[in-house]
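A look at the structure
Each chain, letter by letter, is given below.
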Amino acid sequence: MSDHAVLHVKGRVLVGPEDVRDDLWVVGGRITYERPAARDVRTVEGWVLPGLVDAHCHVGLDTHGPVPEDVSEKQALTDRDAGTLLIRDAGSPSDTRWIDDRDDLPKIIRAGRHIARTRRYIRNFAHEIEPDELVAYVAQEARRSDGWVKLVGDWIDREAGDLTACWPREAVEPAIAEAHRLGARVTAHCFAAASLRDLVESGIDCIEHATGLTEDLIPLFVERGVAIVPTLVNIATFSRLADGGESKFPRWSAHMRRLHERRYDTVRAAYDAGVPVYVGTDAGGSLAHGLVAAEVAELVTAGIPPVEALSATAWGARAWLGRPGLTEGAAADLVVYDGDPRADVRVLAAPRRVVLNGRVVG
């Protein structure tokens, strides 16, 4: 399609779960619902969603740490071709700002670099600091990011032989307050329960993974409006991780198995109570990119209704991140499918067309 051609997208345009329209047009890379006077028109047909959101993804990162730009590009292209057109990058040591200049790559909302306790996270991933430095590092990443900061809330303590909280309450409370003062939201990696109360009562905005969420803590999450991003495709690896650590850290291994066994019950209980739940894959560490459809399917397996699981990667996720969907004048970022994803979320695994910034790119 030429830069001046009009794209006519017709079929079933899911502006919202119940707001279904027959057509939209793309003019100058923007969405309009007013039929334009144009001769050069390309038509795409099918079931249409706004570009999907992966709210926990790492572009520019692999198991060893930062990666070269060509690897970052491949990661972003893999996500794009899976229909992910908006990424909340939940921590990366790489500078990926160059991606913002590419109109063929997904849009990224960055949380800066992870902030972890010294020797309490994966090597080469994070700033590794002590509690008295936390406010300063949170301020630094808040200024560098796109409105988010990522903490590592818990990790294995080798002396304890299990997951323990990384930060004392007196460190996280002023750090989160400083992020909010600078206009940034804060999220944290948390597998266990130990750090959750202090983080939530200190004003955190989101918890990643949230496998340690318990019945007594769920009402606190609801009261404070704290969202979770369960990353169930990542939690599926817990059994393998537990097997690998069995001989050296048996308490940790047993803990990881318990978290894995109740993962679906944890997510369903949170959702049923009213905790906001969003889709994230945790791609870029040890997981492959392009898993957004698999994560939506996992949320459905956990007991979240299909339309709500879709919203967690589409309408609701975009609203949470402050980005538009299929609205008049918005950038034309959309995905076209052969079937109704509200009826069967498995259709997300096979996009018919991917449109980014008004161009058919896949």
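The coordinates are above.
Computed from a predicted model, the values in this text were never measured in an experiment.

1. Looking at the overall build of the chain
Broken down by element type, the chain carries 12 helices and 20 strands. For a compact globule of 362 residues, the expected C-alpha radius of gyration is about 21 Å, and the chain comes in at 21 Å, within 12% of that figure. Dimensions along the principal axes, computed over C-alpha positions, put the chain at roughly 70 × 40 × 35 Å. Relative to its 362 residues, the chain shows a buried fraction of 56%. Contacts spanning at least 24 positions in sequence make up 65% of the contacts within the chain whose residues lie at least 6 apart. For the chain, the accessible area works out to roughly 14700 Å², and carbon and sulfur atoms hold 47% of it. With 43 positive and 55 negative side-chain charges, the chain shows a separation of 2 Å between the mean positions of the two kinds.

2. Some points on the sheet that holds strand 8 (residues 84-89)
Hydrogen bonding along the main chain pairs the strands of a sheet, whether they run parallel or antiparallel. With respect to topology, three strands assemble into an open sheet ordered 5-8-9, the strand pairing being parallel. Each of the sheet's edge strands pairs with one partner strand only, and the pair in question is strand 5 (52-57) and strand 9 (107-110). Strand after strand, the sheet turns through a mean of 20° between neighbouring axes, direction not considered. Both strand 8 and strand 9 contribute to a ladder of four bridges, which runs parallel. Counterpart to Arg88 in the pairing with strand 9 is Ile109.

3. A closer look at the packing of aromatic side chains
Taken as a whole and assessed by the stated rule, the structure comprises six aromatic pairs. Connected via pairs of aromatic rings, a cluster forms that spans Tyr121, Phe125, Trp155, Phe191 and Phe238. The side chain of Arg88 reaches across the aromatic face of Trp148, ending 4.6 Å from its centre. Above the face of the Tyr264 ring, Arg263 is positioned so that its terminal group lies 4.3 Å from the ring centre.

4. A closer look at the environment of Met256
One can find Met256 in helix 8 (residues 250-261). On the basis of relative accessible area, Met256 is assigned to the buried category, the value being 1%. Between the C-alpha atoms of Met256 and Arg240, which are 16 residues apart in sequence, the distance is 9.7 Å. Contacts of Met256, omitting those with residues within four sequence positions, involve Leu163, Phe191, Phe238, Leu241 and Ala242.

5. Comments concerning unusual backbone geometry
Positive phi, close to 55°, is recorded for Ala210, a residue that is not glycine. Position of Ala210 relative to the elements: it lies in the loop between strand 16 (206-209) and helix 5 (218-224). The phi dihedral of Asn357 is positive, around 55°, even though this residue is not glycine. Residue position: Asn357 is located in the loop between strand 19 (353-356) and strand 20 (359-360).

6. Side note on helix 10 (residues 292-301)
Where helix 10 is concerned, the buried positions are Val292, Ala293, Glu295, Val296, Glu298 and Leu299. Looking at the buried side of helix 10, the elements it contacts are strand 5, strand 8, helix 6 (232-235), helix 9 (263-273) and helix 11 (306-311). Where helix 10 ends, the next residue or the one after it, Gly303, has phi of about 110°, a positive value.

7. Focus on the side chain of His56
Considering the arrangement of structural elements, one finds His56 in strand 5. Here the side chain of His56 touches His58 through a polar contact of 3.1 Å, side chain to side chain. Dropping the residues within four chain positions of it, His56 is found in contact with Arg88, Ala90, Lys150, Glu208, His209, Val229, Thr231, Val279, Gly280, Thr281, Asp282 and Ala283.

8. Looking at a positive patch on the surface
Where like charges cluster on the molecular surface, the positive patch consists of Arg119, Arg123, Arg158 and Lys248. Within the fold, Arg158 resides in the loop between strand 13 (154-157) and strand 14 (162-165).

9. A look at the packing of helix 7 (residues 238-245) against helix 8
One way to put it is that helix 7 packs onto helix 8 with a least axis distance of 8 Å and a crossing angle of 170°. Classified by the angle their axes make, helix 7 and helix 8 are roughly antiparallel. Both helix 7 and helix 8 take part in a crossing whose hand is left-handed. Residues Phe238, Ser239, Leu241, Ala242, Asp243 and Gly245 of helix 7 pack against Pro250, Trp252, Ser253, Met256, Arg257, Leu259 and His260 of helix 8. Of the residues contributing to the contact of helix 7 with helix 8, the split by class is seven nonpolar, four polar and two charged.

Definitions and limits used
- Residues numbered from 1 in each chain as written.
- Predicted model: local features only at pLDDT ≥ 70, side-chain atom pairs only at ≥ 80, totals over all residues.
- Heavy atoms only, no water.
- Helix = DSSP H or I, 4+ residues; strand = E, 2+ residues; numbered from the N terminus.
- Rg over C-alpha atoms; globule rule 2.2 N^0.38 Å.
- Buried < 20%, exposed > 50% of the residue type's maximum accessible area, 1.4 Å probe, protein only.
- Contact = heavy atoms within 4.5 Å.
- Areas by Shrake-Rupley, 256 points an atom, 1.4 Å probe, with all protein chains shown as cover.
- Lys, Arg positive; Asp, Glu negative; His and termini not counted.
- Charge placed at Lys NZ, Arg CZ, Asp CG, Glu CD.
- Pairing = 2+ DSSP bridges.
- Axes fitted to C-alpha atoms, helices over the stretch in contact; angles between N-to-C directions.
- Phe/Tyr/Trp six-rings, centres within 6.5 Å; stacked < 30°, edge-to-face > 60°.
- Lys NZ or Arg CZ within 6 Å of the ring centre and 35° of its normal.
- Polar contact = N/O pair within 3.5 Å; in protein donor to acceptor, adjacent residues only side chain to side chain.
- Patch = residues over 30% accessible without salt bridge, like charges linked within 9 Å, V, L, I, M, F, W, Y side chains within 5 Å.
- Salt bridge = Lys/Arg side-chain N within 4 Å of Asp/Glu carboxyl O.
- Parallel < 35°, antiparallel > 145°, perpendicular 65-115°, else oblique.
- Left-handed = near helix turned anticlockwise from the far one by under 90°.
- Nonpolar A, V, L, I, M, F, W, Y, C, P; charged D, E, K, R; others polar.

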